[in-house]
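So the chains spell out like this:
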Amino acid sequence: MLQSLIRNVWVPMKPYYTQVYQEIWAGMGLMTFILYKIRSADKRSKALKGSSAAPAHGHH
Amino acid sequence: MNENLFASFITPTMMGLPVVIIIIMLPSMMLTSSNRLLSNRFHTFQQWVVKMITKQMMSIHSPKGQTWCLMLVSLIIFIGSTNLLGLLPHTFTPTTQLSMNLGMAIPLWAGTVFLGFRHKMKSTLAHFLPQGTPIPLIPMLIIIETISLFIQPMALAVRLTANITAGHLLMHLIGGATLVLTSISPPTAMITFISILVLLTILEFAVALIQAYVFTLLVSLYLQIDNT
């Protein structure tokens, strides 16, 4: 299956993936970086909210 | 009513598995491919549509810009077919999700910007200052042009999301209102149905296609600006 995938997809599209779309790969890297930043900020804020809520509720 | 209104915009999962992947791949599965020179009617029609789109979209570009032909034509066919399939009742439209539209807009816009900076650095930087600006205005204008550059991917994504989502919501609301009106006063319901709902559906068909066109056209314009 891998061989048919290589033969039908990679071989015809090789000049695109290697030369034409170089800037688009860079753009995708930028997008994943932004996504990582958003996700880590969300995780951090959720952890902060959880830790600030737990002692507040623990005093009841 | 609120729950019903936004239920169609929830990303579908079936027992924890993301079905949305199959939904996104569905329009491409409905397009035919053939190695023959003369094939059946459906494939010939599809070839004619693709040829028309290619000529329309790519005639404004230089040969270097035309290497993006495959990407841009795939983009417009994908967005157009996804939007049109979303007009069927009870379907999920991936282009209503901002995440997906940002995922399409940011890499493509960044690709055009990086292309411009890599191959024509001076000309790309020169675009930050329009010709004939008075000298005192130069710093402010450069800031404004930079902001407008960075807003481009946001505008691309939000435009598509908002248009398709708003159209779907309107159809839900007016359809619900028409349904309720049939039991209260059928003539009003008839008027509402014919004048509003039918016209809205025709508009939505147009919007589905137009939004695809606008998205792709703007990406190709950004490509042209940064390339010529």
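Residues numbered from 1 in each chain as written. Chains lettered and ligands numbered in written order. Predicted model: local features only at pLDDT ≥ 70, side-chain atom pairs only at ≥ 80, totals over all residues. Heavy atoms only, no water.

1. Some remarks on the packing of aromatic side chains
Residues and elements named next belong to chain A. The tally for this structure, following the rule as stated, stands at 6 aromatic pairs over all chains. Summarising the aromatic geometry, the rings of Tyr17 and Tyr21 are spaced 6.5 Å apart at their centres and angled 50 degrees between planes, so their arrangement reads as tilted. Exposure remark for Tyr17: the relative accessible area of 26% places this residue in the partly exposed category. Cluster of aromatic residues (ring-pair linked, three or more members): Trp10, Tyr16, Tyr17, Tyr21 and Trp25. (Phe/Tyr/Trp six-rings, centres within 6.5 Å; stacked < 30°, edge-to-face > 60°. Buried < 20%, exposed > 50% of the residue type's maximum accessible area, 1.4 Å probe, protein only.)

2. Some remarks on the environment of Thr67 of chain B
Here Thr67 of chain B lies in the loop between α3 (41–58) and α4 (69–85). For Thr67 of chain B, a relative accessible area of 32% puts it in the partly exposed group. Setting aside chain neighbours within four positions, we find Thr67 of chain B in contact with Tyr16 and Val20 of chain A. (Helix = DSSP H or I, 4+ residues; strand = E, 2+ residues; numbered from the N terminus. Contact = heavy atoms within 4.5 Å.)

3. So, the packing of helix α5 (residues 98–119) of chain B against helix α7 (residues 138–184) of chain B
Packed helices, taken two at a time, are described by the angle between their axes plus the distance between the axes. Residues and elements named next belong to chain B. Remark: α5 packs on α7, axes separated minimally by 8 Å, with the N-to-C direction vectors making an angle of 145 degrees. As α5 packs across α7, the resulting crossing turns out to be right-handed. Touching Leu98, Asn101, Leu102, Met104, Ala105, Ile106, Trp109 and Val113 of α5 are Leu149, Phe150, Gln152, Pro153, Met154, Leu156, Ala157, Val158, Leu160 and Thr161, all from α7. Here the residues of the contact of α5 with α7 are counted per class, giving 15 nonpolar, 3 polar and no charged. (Axes fitted to C-alpha atoms, helices over the stretch in contact; angles between N-to-C directions. Left-handed = near helix turned anticlockwise from the far one by under 90°. Nonpolar A, V, L, I, M, F, W, Y, C, P; charged D, E, K, R; others polar.)

4. Remarks on the interface of chain A and chain B
Counting residues at the interface gives 13 residues for chain A, matched by 15 residues for chain B. For the chain A and chain B pair, buried surface summed over both sides reaches about 1200 Å², with 76% attributable to carbon and sulfur atoms. Glu23 of chain A is the salt-bridge partner of Arg118 of chain B, the closest N and O atoms lying 2.8 Å from each other. If you look at where chain A meets chain B, you find 2 residue pairs in polar contact (both at pLDDT 80 or more). Within the residue set of the side of chain A that touches chain B, elements represented by two or more residues are α1 (2–20) and α2 (22–58) of chain A. Per-element tally for the side of chain A that touches chain B: the top contributor is α2 of chain A, with 9 residues. Here the side of chain A that touches chain B is composed, by residue class, of 10 nonpolar, 2 polar and 1 charged. (Buried area = accessible area lost by both parts, 1.4 Å probe. Salt bridge = Lys/Arg side-chain N within 4 Å of Asp/Glu carboxyl O. Polar contact = N/O pair within 3.5 Å; in protein donor to acceptor, adjacent residues only side chain to side chain.)

5. Topic: the UniProt feature "transmembrane region" (unreviewed entry) in chain A
Feature annotation in UniProt assigns "transmembrane region" (unreviewed entry) to the following positions: residues 20–38 of chain A. Secondary structure content for residues 20–38 of chain A is 95% helix and 0% strand, and the end C-alpha separation is 29 Å. (UniProt positions renumbered as here; feature names shortened; annotations may be inferred.)

6. Brief notes about the pattern of salt bridges
Residues and elements named next belong to chain A. A complete count under the given rule lists 2 salt bridges over all chains for this structure. Among the salt bridges present, the one from Lys46 reaches Asp42, with a minimum N-O distance of 3.0 Å. In this pair, Lys46 and Asp42 are both assigned in helix α2, 4 residues apart and thus about one turn of the helix distant.

7. Details of the UniProt feature "transmembrane region" (unreviewed entry) in chain B
All names here are of chain B. As annotated in UniProt, the feature "transmembrane region" (unreviewed entry) corresponds to residues 6–26, 67–86, 98–117, 137–158, 164–184 and 196–223 in the numbering used here. Secondary structure across residues 6–26 divides into 38% helix and 19% strand, with the first and last C-alpha atoms of the span separated by 22 Å. Split by type, residues 67–86 is 85% helix and 0% strand. Its first and last C-alpha atoms lie 30 Å apart.

8. Regarding α7 of chain B
Relative to the 69 Å expected for 47 residues at 1.5 Å per residue, α7 of chain B spans 64 Å between its end C-alpha atoms, a close match to the ideal helical length. Where α7 of chain B bends most, the angle comes to about 35 degrees, and this point is Ile151 of chain B, followed within four residues by the proline Pro153 of chain B. (Expected span 1.5 Å × (residues − 1). Bend = angle between axes of the 7 residues up to and from the residue.)

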